[in-house]
Amino acid sequence: MFLPAGSQDETGTLLVNRAKAYETFRYVTEKRNFKQISTPAIEYASTFTNRIAGMNLNEMMKWFNKEGEIEVLRPDWTTAIARAVAKQPIHQQKWSYQGSVFRIDKDGTESRQAGIEIVHANSVLGERECMLTAIDYLKSLHIDKYVIELGHTEIFDILIQSLKLDTTQEDLLRTAMHDKRRDVVYQLVNNTGNSEIANHLTELTEAYGNKDIITKYQDLWSDNDELLQILENLNNMIELIEATTDLEVIVDLGRVKNLPYYDGMMFRGFLKKDGSTCFSGGRYDRLYKYYQQDTTAVGLAFDVDVLASHMTDHKEKKRACIIASEKTHQVAEAFRNELTDYIVEVSYDEQVTSTFDLCYKVMEQDNEYKVVKL
Ligand SMILES: N[C@@H](Cc1c[nH]c[nH+]1)C(=O)O
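Residues numbered from 1 in each chain as written. Predicted model: local features only at pLDDT ≥ 70, side-chain atom pairs only at ≥ 80, totals over all residues. Heavy atoms only, no water.

> Where do I start with the overall build of the protein chain in this structure?
Counting secondary structure elements, the protein chain contains 13 helices and 16 strands. Relative to the 2.2 N^0.38 estimate, which gives 21 Å for 374 residues, the radius of gyration of the protein chain is 26 Å and therefore markedly larger than a compact globule would have. Looking at the protein chain as a whole, 47% of its 374 residues are labelled buried. Intrachain contacts of the protein chain at a sequence separation of at least 6 include 65% that bridge at least 24 residues. Carbon and sulfur atoms provide 47% of the accessible area of the protein chain, an area that totals close to 20000 Å². Across the protein chain, 43 positive and 59 negative side-chain charges occur, with their mean positions spaced 3 Å apart. (Helix = DSSP H or I, 4+ residues; strand = E, 2+ residues; numbered from the N terminus. Rg over C-alpha atoms; globule rule 2.2 N^0.38 Å. Buried < 20%, exposed > 50% of the residue type's maximum accessible area, 1.4 Å probe, protein only. Contact = heavy atoms within 4.5 Å. Areas by Shrake-Rupley, 256 points an atom, 1.4 Å probe, with all protein chains shown as cover. Lys, Arg positive; Asp, Glu negative; His and termini not counted. Charge placed at Lys NZ, Arg CZ, Asp CG, Glu CD.)

The following block contains the structure:
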């Protein structure tokens, strides 16, 4: 009633877990030689709406500044970081960040992310480091029931090349592919007079599953070197993941980009418990082209809210209480040092003891103070 829709106060386990998720992320990424970066929460809208970043202004929290320019609350870290670090000398950069993004969508406005961006690195190395960092991080959080999904933006782009669609048609088709609407995909492509590609794309909406899909499509696309190369890259990534972990990996060859700037391999992590997406990312070299840099860029971000709501191994610390009085408060305070593994509360009220795991009381004996266990 007193908060705008999408805003909420929070307390309790979720907050503890989120802090733990951030702390672990910092630890894991620091150990893998990522440097931290932060960008302001408020930016010009144009950073995110330019023709490459391509984000939708309608989904941003925005207002006009005094000069009449539109400002927004950061809707995306990747784009903001590209703005901040583009034009720097070309040598490998590994960035790690954490904080909120603001998008007006069905899940509210604010969500928290922790992510990495690898810029100017060897492409394969960058993609692998992203994936392995994600695996390393989730392992550190004791999250192991998830599925990794790989996809590639260029499959769709290559297959529709000869259709010469305008932007509106292309967007409609991409949305239909995304929603796996076989009927709509077929109709949209067939309307252009190309029933062969219509059938091909319709079938592609179901080209997901384990790596047998790759073998199947290696046969189907045996005369297209570009597509074969993509399949090979996906296959190599699967082999690396399988050699490092026993996680389930699936490919979705019909997957289309969920953010306009992607232009290569895309990866996502789905939690088995409820199918929620815990991380998402991909290659986006083209975003740097906007800043006149011909280079490589790849990254991914974790949804920290999703992680926090699935972290189960957080062990609640035991709680101890020391009953004291105004006169004996400093004795109780000193006794905290004896209880390093406990959450400690000093209280003047003996009634509270039943709510604690362990209780002490400061007693006076022969003009001396003693802390005794109750
Ligand atoms: N910014 C992307 C994740 C990502 C990081 N780097 C590349 N992609 C997102 O919000 O989904």
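> I tried to follow the packing of helix 9 (residues 212-220) against helix 10 (residues 225-244) on my own but got confused; where do I start?
The relative placement of two packed helices is expressed as an angle between their axes plus a distance between the axes. Here helix 9 crosses helix 10 at 160°, and the two axes come no closer than 10 Å. Classified by the angle their axes make, helix 9 and helix 10 are roughly antiparallel. Handedness of the crossing formed by helix 9 with helix 10: left-handed. Counting all contacts with helix 9, which are made through Ile 214, Tyr 217 and Gln 218, the residues of helix 10 involved are Leu 228, Leu 231, Leu 234, Asn 235 and Ile 238. Looking at side-chain class alone, the contact of helix 9 with helix 10 contains six nonpolar, two polar and no charged residues. (Axes fitted to C-alpha atoms, helices over the stretch in contact; angles between N-to-C directions. Parallel < 35°, antiparallel > 145°, perpendicular 65-115°, else oblique. Left-handed = near helix turned anticlockwise from the far one by under 90°. Nonpolar A, V, L, I, M, F, W, Y, C, P; charged D, E, K, R; others polar.)

> Would you mind showing me how to read the UniProt feature "binding site: L-histidine" (unreviewed entry) in the protein chain here?
In this structure's numbering, the residues bearing the UniProt feature "binding site: L-histidine" (unreviewed entry) are Asp 76, Trp 77, Thr 78, Arg 103, Gln 113, Glu 117, Tyr 261 and Tyr 262. Lining residues of the second largest pocket drawn from the annotated set just named are Tyr 262. Structurally, Tyr 261 can be placed in the loop between strand 9 (248-252) and strand 10 (265-271). The residues contacting Tyr 261, other than those within four sequence positions of it, are Ile 52, Ala 53, Asp 76, Thr 78, Thr 79, Arg 283, Tyr 284, Arg 286 and Leu 287. (UniProt positions renumbered as here; feature names shortened; annotations may be inferred. 1 Å grid on protein atoms, 1.4 Å probe; cavity = no way out; pocket = protein on both sides within 12 Å on 5 of 7 lines; lining within 4 Å.)

> I'm lost on the pattern of salt bridges in this one. Help?
If charged atoms from side chains of opposite charge come close, those side chains can pair. This model, assessed by the stated rule, comprises 26 salt bridges. One salt bridge connects Lys 180 with Asp 252, and the closest N-O pair in it is separated by 3.0 Å. Separated by 72 residues along the polypeptide, Lys 180 in the loop between helix 6 (167-178) and helix 7 (182-190) and Asp 252 in strand 9 bring together distant segments of the chain. The class of Lys 180 is partly exposed, set by a relative accessible area of 29%. Among the salt bridges present, the one from Glu 364 reaches Lys 327, with a minimum N-O distance of 3.6 Å. Remark: Lys 327 occurs in the loop between strand 13 (319-323) and helix 13 (329-335) and Glu 364 occurs in strand 15 (residues 358-365); sequence separation between them is 37 residues. What emerges from the salt-bridge pattern is a single network uniting Glu 10, Arg 18, Glu 110, Arg 112 and Asp 305. (Salt bridge = Lys/Arg side-chain N within 4 Å of Asp/Glu carboxyl O.)

> What's the story with the site of the ligand in this structure? I'm lost.
Near the ligand, the surroundings consist of 16 residues, among which Asp 76, Thr 78, Arg 103, Glu 117 and Tyr 262 are the closest. Contact between the ligand and Arg 103: an oxygen atom at 3.0 Å from a side-chain N or O atom of the residue. The contact in question runs from a nitrogen atom of the ligand to an N or O atom on the backbone of Leu 300, over 3.3 Å. In isolation the ligand offers 300 Å² of accessible surface; the protein chains occlude 96% of this area. For the shell around the ligand, the residue count by class is seven nonpolar, six polar and three charged. (Near = heavy atom within 4 Å. Polar contact = N/O pair within 3.5 Å; in protein donor to acceptor, adjacent residues only side chain to side chain.)

> What exactly am I supposed to notice about the packing of aromatic side chains here?
What characterises a pair of aromatic rings is the spacing of the ring centres plus the angle enclosed by the ring planes. On inspection of all chains with the given rule, the structure shows 11 aromatic pairs. Through successive ring pairs, a cluster of aromatic residues spans Phe 25, Tyr 137, Phe 279 and Phe 302. A cation over a ring is seen here: Arg 74 above Trp 77, with NZ or CZ 3.7 Å from the ring centre. Geometry around Phe 356 places Arg 319 over its ring, the cationic atom sitting 4.5 Å from the centre. (Phe/Tyr/Trp six-rings, centres within 6.5 Å; stacked < 30°, edge-to-face > 60°. Lys NZ or Arg CZ within 6 Å of the ring centre and 35° of its normal.)

> What should I look at first to understand helix 3 (residues 77-85) in this one?
In an α-helix, one turn spans 3.6 residues, which is why side chains three or four residues apart end up on the same side. Extensive coverage of helix 3 is indicated by the burial of seven of its nine residues. Listed in full, the buried residues belonging to helix 3 are Trp 77, Thr 78, Thr 79, Ala 80, Ile 81, Ala 82 and Val 85. Tucked into the core, helix 3 has its buried residues touching strand 2 (42-44), helix 2 (46-49), strand 5 (93-105), strand 6 (108-119) and helix 11 (285-289). One or two positions beyond helix 3, positive phi appears at Lys 87, with a value near 80°.

> Would you take a moment to explain the layout of surface pockets for this structure?
Remark: the empty space left among the atoms is shown by a probe the size of a water molecule rolled over them. When its volume is computed, the second largest pocket comes out at roughly 580 Å³. Looking at the second largest pocket, it is lined by 23 residues, and the ones nearest its centre are Glu 170, Asp 171, Arg 174, Lys 257 and Pro 260. Elements with a minimum of two residues in the lining of the second largest pocket: helix 5 (153-160) and helix 6. If you tally residues by element for the lining of the second largest pocket, the top one is helix 6, at six residues. Each residue belonging to the lining of the second largest pocket can be placed in one class, and the counts come to six nonpolar, six polar and 11 charged. (Points joined across faces, edges and corners; volume = space filled by probe spheres on them.)

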